[in-house]
Amino acid sequence: MIPFSIQLGTFALSLATWGLPFDASTHGPAVDRHLLLNLWIILGLAALAHLILLVGLIARRRAEATSWHVEYLPLAALAILFAFLTIRAERLWAAARYTGADLSALQVQVVGEQFAWYFRYPGTDYTFGVTKPQLVDAGAGNPLGIDPADNHGADDIVTSELVLPANREVDLRINSLDVIHGFSVPEMRLKQNAVPGMTIHIHFTPKVPGTYAILCTQVCGMGHYRMNANLRVLPAEKFAAWLTAKQKAVQR
Ligand SMILES: [Cu+2]
């Protein structure tokens, strides 16, 4: 009974004080529905398991040979239930990653580095310039190692805050310069590891303008606690003005 009381107490406390963070993305409601479905099913199963245990203790039946279906039928039912939950979750995961973004989506590169986030926009040519690890030099103003010999890189915009327009799909390509970092924006229901040597795409549509915290969710070193940045979602016209100002600054 004590473990069950702790579970029930934790659940009540989480409902009363924590809840899910505010949702500012278009795919968020589906993710939230799935999370809560998981929570209710697990809570129901935990309650059922404890009830069976309690009835067993009170009845104090003599041990007798049980037939196979008493053990295997509940196990089969659980296997089917968890397969259903897994497939449902996999569909949500795939919708943001494997199906690919719309061709009109805004392209932004997200790069994690001990202990900062950098964001790169492809500029007026809509093409990212080539980067080379040996050119990475944050002190000289080239934290991502953009190759000056490649013309596509000349108009690339690199920022330390992620600025996005509301109600337009965004295709993020996430990678890391050193160790594994975790790119996470709770209000956008986004969480994706940044893995060195890999470019991982994730696409979503922010819907509510505002400022949101970007966190690193992988313990990536001594400075992990201060590895954060801001996501600023702007109305379309304000975002266009911001981007134009940034482009002018790069061309100067
Ligand atoms: Cu990190």
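Quick caveat, the model's predicted, so the values are computed rather than measured. (Residues numbered from 1 in each chain as written. Predicted model: local features only at pLDDT ≥ 70, side-chain atom pairs only at ≥ 80, totals over all residues. Heavy atoms only, no water.)

The next thing to look at is the pairing of strand 10 (residues 228–234). Note that strand 4 (residues 162–165) and strand 10 share four bridges and pair parallel. The residue of strand 10 that forms the bridge with Leu164 is Val233. (Pairing = 2+ DSSP bridges. Helix = DSSP H or I, 4+ residues; strand = E, 2+ residues; numbered from the N terminus.)

Take the coordination of the copper ion next. Protein-derived coordination of the copper ion comes from His181 (ND1), Cys216 (SG), Cys220 (SG) and Met227 (SD), at a distance range of 2.1 to 2.4 Å. Around the copper ion sit four donor atoms, and with donor-metal-donor angles ranging over 92 to 124° the site reads as tetrahedral. (Donors = N, O, S within 2.8 Å, 3.2 Å for Na, K, Ca; no water. Tetrahedral: all angles 85-135°; square planar, octahedral: opposite > 155°, others 65-115°.)

Following Gln114, the chain continues to Phe115 via a peptide bond in cis, the omega torsion being 5°. Structurally, Phe115 can be placed in the loop between strand 1 (106–113) and strand 2 (116–121). Phi angles above zero are rare outside glycine, and Tyr126 is one such case at about 55°. Summarising the element assignment, Tyr126 is placed in the loop between strand 2 and strand 3 (157–159). Backbone geometry places Asn167, a non-glycine residue, at a positive phi of 60°. We classify Asn167 as exposed; its relative accessible area is 58%. (Buried < 20%, exposed > 50% of the residue type's maximum accessible area, 1.4 Å probe, protein only.)

Right, let's get into the UniProt feature "transmembrane region" (unreviewed entry) in the chain. Those places that UniProt annotates as "transmembrane region" (unreviewed entry) correspond, in this numbering, to residues 35–58 and 70–87. Counting secondary structure, residues 35–58 comes out at 100% helix and 0% strand; the distance between its end C-alpha atoms is 35 Å. Annotated as residues 70–87, this span is 100% helix and 0% strand, and its ends, taken at the C-alpha atoms, are 27 Å apart. (UniProt positions renumbered as here; feature names shortened; annotations may be inferred.)

A few words now on the sheet that holds strand 3. Backbone-to-backbone hydrogen bonds pair the strands of a sheet. The strands run either parallel or antiparallel. Pairing is mixed across the open sheet formed by five strands, whose spatial order is 3-2-1-5-8. Either end of the sheet is taken by a strand with one partner, and the two such strands are strand 3 and strand 8 (200–204). Averaged over all adjacent pairs, the angle separating strand axes in this sheet is 25°, with direction ignored. As paired elements, strand 1 and strand 5 (residues 170–176) share seven bridges and run parallel to each other. (Axes fitted to C-alpha atoms, helices over the stretch in contact; angles between N-to-C directions.)

Looking now at the nonpolar core. Among the nonpolar cores identified, the biggest contains 35 residues, and Trp117, Phe119, Tyr121, Leu172 and Phe183 are the most heavily contacted of them. A total of four residues in this core trace back to one element, the largest contributor, which is strand 10. (Core = buried A, V, L, I, M, F, W, Y, C linked by side-chain atoms within 4.5 Å.)

Here the focus is helix 4 (residues 236–251). Between its first and last C-alpha, helix 4 extends 23 Å over 16 residues, near the 22 Å set by a 1.5 Å rise per residue. Listed as buried for helix 4 are Phe239, Trp242, Leu243 and Gln247. Seen along its axis, helix 4 keeps its buried residues to an arc of 135°; they face one direction. Helix 4 presents Glu237, Lys238 and Lys248 as exposed residues on the side facing more than 90 degrees away from its buried surface. At its buried positions, helix 4 is contacted by strand 1, strand 2, strand 3, strand 4 and strand 10. (Expected span 1.5 Å × (residues − 1). Arc of directions from axis to C-beta. Contact = heavy atoms within 4.5 Å.)

This brings us to the UniProt feature "domain: Cytochrome oxidase subunit II copper A binding" (unreviewed entry) in the chain. Per the UniProt annotation, the sites labelled "domain: Cytochrome oxidase subunit II copper A binding" (unreviewed entry) are residues 103–245. Note that residues 103–245 is 7% helix and 40% strand, and that its end C-alpha atoms are spaced 24 Å apart.

The next point concerns the packing of aromatic side chains. All chains considered together, the criterion is met by three aromatic pairs. Ring geometry for Tyr121 against Trp242: centres 5.3 Å apart, planes inclined by 65°, an arrangement best described as edge-to-face. Of the two residues, Tyr121 is situated in strand 2 and Trp242 in helix 4; the sequence distance between them amounts to 121 residues. Lying across the ring of Trp93, Arg97 places its NZ or CZ 3.4 Å from the centre. (Phe/Tyr/Trp six-rings, centres within 6.5 Å; stacked < 30°, edge-to-face > 60°. Lys NZ or Arg CZ within 6 Å of the ring centre and 35° of its normal.)

Let us look at the sheet that holds strand 7 (residues 190–194). Taken in spatial order, the five strands make up an open sheet running 4-10-9-6-7, and their pairing is mixed. Across the chains shown, the open sheet's two edge strands, defined by having one partner strand only, are strand 4 and strand 7. When the angles between neighbouring strand axes are averaged without regard to direction, this sheet yields 20°. In this structure, strand 9 (residues 210–216) lies alongside strand 10, joined through six bridges in antiparallel fashion. Across the sheet, residue Ile214 finds its bridge partner in strand 10, namely Ala229.

For the pair helix 2 (residues 28–59) and helix 3 (residues 68–97), the least separation of the axes is 10 Å and the interaxial angle reads 165°. The angle between helix 2 and helix 3 places the two elements in the roughly antiparallel class. Two packed elements cross with a definite hand, and for helix 2 against helix 3 that hand is left-handed. For the pair helix 2 and helix 3, the contacting residues are Ala30, Val31, His34, Leu37, Asn38, Ile41, Ile42 and Leu45 in the first and Leu78, Leu81, Phe82, Phe84, Leu85, Arg88, Ala89 and Leu92 in the second. Residues that form the contact of helix 2 with helix 3 fall into these classes: 13 nonpolar, two polar and one charged. (Parallel < 35°, antiparallel > 145°, perpendicular 65-115°, else oblique. Left-handed = near helix turned anticlockwise from the far one by under 90°. Nonpolar A, V, L, I, M, F, W, Y, C, P; charged D, E, K, R; others polar.)

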